[in-house]
Amino acid sequence: MATYYHRAVQDIKDNGFLSAVTIITIALSILIVSAFALFFTNANNVMNHWKKSARIMAYLKPGISQKNFPDIKRKIQEIYGVQDVNFISKEEAFKKLKEQMKRQSSILMNLNENPLPDAFEICMIASSQRDEKIEEIATRIESLPSIEDVEYGRKWLERFTNIFDLFRLAGYAMGGIFFMAAVFIVANTIRLVIYTRREEIKIMRLVGASEKFIRGPFYIESIIQGTLGGIIGIAVLFITFKLISSNVEHSFKYELLNIKFLSPEFYCGIILCSMFVGWLGCYIALKQFLKA
Amino acid sequence: MIDGKDKSSIIQMFHVHKYYGSKKALVDISLNVSKNDFLFISGPSGAGKSTLLRLLYLGEPVSEGQVLVDGMNLSRISRKKIPFLRRKFGIIFQDYKLISTKTVFDNVALVLEASGKKRKFIEKKVRSVLRTVGIERRINALPPSLSGGEQQRVAVARAVVGVPRIILADEPTGSLDSDSADIILNLLKGFHTHGGTVIVATHDKELIRKAGGRILYLKQGRLLGPAPI
Ligand SMILES: Nc1ncnc2c1ncn2[C@@H]1O[C@H](COP(=O)(O)OP(=O)(O)O)[C@@H](O)[C@H]1O
Ligand SMILES: [Mg+2]
């Protein structure tokens, strides 16, 4: 085993340029694929967050007296599935809006009157967080006489989910293509190494070296390349991620943008996959070009 | 001489033919080599001497006939067993077949690495063999930087280092001056004295005369029996 390893490392050194190109290619493939994975896991988290925190906004008809509010609130609260009801006065909503639109606040300044209605924000219990349930509750709230309109993000979220699924599919396809490209690159490298070593391999066979002895170092060599490529790809992604996320966190302090790096299981999985790429590339090259 | 039941025989050929296309390189060869034989296969160039040696280590398959080596029937052994067959031999090739990108040490060590020996043992053994063939000084040299005689000695070292049962030597003194040839011959004799079997293919009559031993004469692919010198 030590001899195999020694020979594999020697091979990588002897074919330094070729090995570097191979490792970089693998690293780039891994970088692109795992960048996609990073984007998707985070987008997925955000969407799940939205789905979980699905709320219904119920807007009151204008001119309803403030002393009726507790009564309306109670009526909403009585609907099965409602967990919590919060009153948001139109003044409060207006203040929030101004905060969120600091830059464009001149538009709001020019308004003489607050155009926003008073509203209730309704949270649902966990078992009612499903689309049909939300719709049912929303309809019941809407039927209350003092409610003018209800709003919930279902339609919008649904469309977004569809687009997201399409993207995810494209991501898988791309992952597949990069996987094949990386395997091909490794196979090609091993093919060239076999070619430069063909005389040596012939001689090894003549002096009684087994196929295992001859092939072992090629496998180690390509698995080393795969592993290095994988680690470099993940490391570059991590550094880029850190740089970007620290910048983003300074400018926005949104709860929504609580982005996270890939989980250790995930990136270890990617590195394992990258090792497998090395192994497979080698297997294909040996099968094709090292006939006994 | 040709006796399949001879217990002390290590190589047997039965009616072996070898064709290259329509060219007949060997025709109906039957022979028996006993353990601890020192056998010369002589004959003019193109007679089929190298071809005969190649058949023994399955460098090539026979076209017809049977070859037995140390109990293995070469037409029956699986691909996986070929390395075991080849480890029974130490082969000195006519063109040396040293790996030009590896040092003298690594070339010789290869045989022991391939049979899974320990690093420490390899280190010791290779040095001692290189000392025996008198090329220890060039241990870190690459073969192309060596003279023909030096390369020949490395080839001999590689052939004996794994303690094979049989040494096959193809024109081992081919391009050497007579002093170098004597060194090689003495090494082969030493191996023989320690119980090894030696088969030398050569057209060098001087070498055969000096060595003494059994001689088979090949001409145009046919075995003519014990040869007149
Ligand atoms: N690989 C080969 N392909 C075709 N012909 C060959 C091959 N090897 C040897 N021969 C022919 O077989 C004959 C015997 O060759 P060889 O065994 O090399 O003779 P020797 O070693 O006695 O000089 C020669 O005529 C040679 O041309
Ligand atoms: Mg010859």
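As a convention, each chain's residues are numbered from 1 in the sequence order in which they are written. Lettering of chains starts at A and numbering of ligands starts at 1, both following the order in which they are written. At least 70 in pLDDT is required for a residue's local features to be given in this predicted model, at least 80 for side-chain atom pairs to be given and counted, and no such filter applies to totals for whole chains, interfaces and linings, which use all residues. Hydrogens and water are ignored here; the side-chain numbers use all heavy atoms of the structure.

Another point: the overall build of chain B. Counting from the N terminus, the helices are DSSP H or I runs at least four residues long and the strands are E runs at least two residues long. Each helix and strand counted, chain B has 7 helices and 10 strands in total. In terms of overall dimensions, chain B has a C-alpha envelope of 45 × 40 × 35 Å along the principal axes. Exposure categories follow from relative accessible area, calculated using a 1.4 Å probe and restricted to protein chains: below 20% of the type maximum is buried, above 50% is exposed, and the middle band is partly exposed. Of all 229 residues assigned to chain B, the portion counted as buried reaches 53%. Counting contacts in chain B only where the partners sit at least 6 residues apart, residues at least 24 apart contribute 70% of the total. The protein chains shown are the only cover counted for residues, whose accessible areas, like all others here, come from Shrake-Rupley with a 1.4 Å probe. With an accessible surface of roughly 10800 Å², chain B has 51% of that area assigned to carbon and sulfur atoms. His is not counted, nor are the chain ends; Lys and Arg add positive charge and Asp and Glu add negative charge. Here the site of a charge means NZ on Lys, CZ on Arg, CG on Asp, or CD on Glu. Counting 37 positive and 20 negative side-chain charges, chain B places the averaged centre of each group 6 Å from the other. Residues count as neighbours in contact if any of their non-hydrogen atoms are within 4.5 Å of one another.

Residues and elements named next belong to chain B. The nearness test applies per residue and asks whether one of its heavy atoms lies within 4 Å of the molecule or strand. All residues adjacent to ligand 1 are Tyr20, Lys23, Ala25, Pro44, Ser45, Gly46, Ala47, Gly48, Lys49, Ser50, Thr51 and Arg54. Whenever a nitrogen or oxygen atom comes within 3.5 Å of another N or O atom, the pair is scored as a polar contact, on the condition that within protein one atom can donate a hydrogen and the other can accept it, and that pairs from neighbouring residues in sequence are kept only if both atoms are in side chains. Take Lys49: an N or O atom from its main chain is 2.9 Å from an oxygen atom of ligand 1. One nitrogen or oxygen atom from the side chain of Ser50 is found 2.7 Å from an oxygen atom belonging to ligand 1. Protein contacts shield 63% of the accessible area of ligand 1, which totals 560 Å² for the unbound molecule. For the shell around ligand 1, the secondary structure elements donating two or more residues are β2 (23-34) and α1 (49-56). If you tally residues by element for the shell around ligand 1, the top one is α1, at 4 residues. Asp, Glu, Lys and Arg are counted as charged, while Ala, Val, Leu, Ile, Met, Phe, Trp, Tyr, Cys and Pro are counted as nonpolar; the rest, among them Gly, fall into the polar class. Among the residues making up the shell around ligand 1, the classes are represented as 4 nonpolar, 5 polar and 3 charged.

With that settled, the discussion passes to the sheet that holds strand β4 (residues 64-69) of chain B. Residue and element names in this part refer to chain B. Only when DSSP finds a minimum of two bridges between them are two strands counted as paired. Spatially, β2-β1-β4-β5 is the arrangement adopted by the 4 strands of the open sheet, whose pairing is antiparallel. Each edge of the open sheet carries a strand with a single partner, namely β2 and β5 (72-73). Bridge count for strand β1 (residues 9-20) against β2 is 8 bridges, and the pairing is antiparallel. Following the sheet pairing, Gln12 is matched in β2 by Asn32. Against the sheet, α1 engages β1, β2 and β4, with an angle of about 120 degrees to β1. For helices, the axis comes from a line fit to the C-alpha atoms of the stretch in contact; other axes are also lines fit to C-alpha atoms, and the angle between any two N-to-C directions lies between 0 and 180 degrees.

Residues and elements named next belong to chain A. On the basis of which strands lie adjacent, the open sheet formed by 4 strands has the order β2-β3-β1-β4 and antiparallel pairing. Both edges of this open sheet fall to β2 (82-88) and β4 (147-151), since each of them pairs with a single strand only. Adjacent strand axes in the sheet meet at a mean angle of 20 degrees when their direction is disregarded. Pairing between strand β1 (residues 55-60) and strand β3 (residues 119-124): 5 bridges, direction antiparallel. Within β3, the position partnered with Ala58 by the bridge is Phe120. Along the sheet, helix α3 (residues 69-78) contacts β1, β2, β3 and β4; its crossing angle with β2, the most-contacted strand, is approximately 155 degrees.

Attention now moves to helix α5 (residues 148-161) of chain B. Given a rise of 1.5 Å per residue, 14 residues ought to cover 20 Å, and the 20 Å separating the end C-alpha atoms of α5 of chain B matches this to within 8%. With 12 of 14 residues buried, α5 of chain B is to be regarded as a mostly interior element. Taken as a whole, α5 of chain B has its buried residues at Gly149, Glu150, Gln151, Gln152, Arg153, Val154, Ala155, Val156, Ala157, Arg158, Ala159 and Val161 of chain B. The secondary structure elements touched by the buried residues of α5 of chain B are α8 (198-206) of chain A together with β6 (89-92), α3 (104-114), α4 (119-132), β7 (166-170) and α6 (178-193) of chain B. By this rule the span expected of a helix is its residue count minus one, scaled by 1.5 Å.

Residue and element names in this part refer to chain B. In this model α4 runs 20 Å from its N-terminal to its C-terminal C-alpha over 14 residues, within 8% of the 20 Å that 1.5 Å per residue would give. By the burial criterion, the buried members of α4 are Ile122, Val126, Val129 and Leu130. Viewed along the axis of α4, the buried residues span an arc of 95 degrees, placing them on a single side of the element. In α4, the exposed residues that point more than 90 degrees away from the buried face are Lys120, Lys124 and Thr132. Where α4 is buried, its residues touch α3 and α5. Looking one or two places after α4, you find Gly134, whose phi comes out positive at around 75 degrees. Think of it as the arc spanned by the lines of direction from the helix axis to the C-beta atoms.

Below, the discussion takes up the domain arrangement of chain A. Start and end positions for the domains come from either an automated domain assignment or a database one. By domain assignment, chain A separates into domain 1 (2-50 + 157-289) and domain 2 (55-152). If you average the C-alpha positions of domain 1 of chain A and of domain 2 of chain A, the two centres end up 50 Å apart.

Stacked, tilted and edge-to-face are the three classes assigned to paired rings of Phe, Tyr and Trp, where Trp is represented by its six-membered ring and a pair needs centres within 6.5 Å; plane angles under 30 degrees give stacked, over 60 edge-to-face, the rest tilted. If you walk through the whole model with that rule in mind, you get 15 aromatic pairs over all chains. Measuring from centroid to centroid gives 5.5 Å for Phe38 of chain B and Phe40 of chain B, while their planes differ by 40 degrees, and the two rings are tilted. We note that Phe38 of chain B, like Phe40 of chain B, is buried. Each residue in the set Phe179, Tyr219, Phe276, Trp279 and Tyr283 of chain A is aromatic and connected to the rest through ring pairs, giving one cluster. Arg198 of chain A extends its terminal NZ or CZ atom over the ring of Tyr195 of chain A, reaching a point 4.1 Å from the ring centre. In this scheme, Lys NZ or Arg CZ marks a charge over a ring once it lies within 6 Å of the ring centre and within 35 degrees of the ring normal. A cation over an aromatic ring shows up here: Lys97 of chain B above the ring of Phe93 of chain B, its NZ or CZ 5.6 Å from the ring centre.

What follows is about the interface of chain A and chain B. Contacts between the two partners involve 13 residues from chain A and, on the opposite side, 18 residues from chain B. The buried area of a pairing is the accessible area, by a 1.4 Å probe, that goes missing from both parts when the two are put together, added over both. Ranking the residues of chain A by area buried against chain B places Ile203, Leu206 and Val207 of chain A at the top, with a combined share of 42%. We define a salt bridge as a side-chain nitrogen of Lys or Arg found within 4 Å of a carboxyl oxygen belonging to Asp or Glu. Across the chain A-chain B interface, the total number found is 1 salt bridge. In this structure, Lys102 of chain B and Glu200 of chain A form a salt bridge, with 3.6 Å as the shortest nitrogen-oxygen distance. Seen at the junction of chain A and chain B, the total is 2 residue pairs in polar contact (both at pLDDT 80 or more). Those elements that place two or more of their residues in the side of chain A that touches chain B are α1 (2-14) and α8 of chain A. The leading source of residues in the side of chain A that touches chain B is α8 of chain A, at 5 residues. When grouped by side-chain class, the residues that make up the side of chain A that touches chain B number 7 nonpolar, 3 polar and 3 charged.

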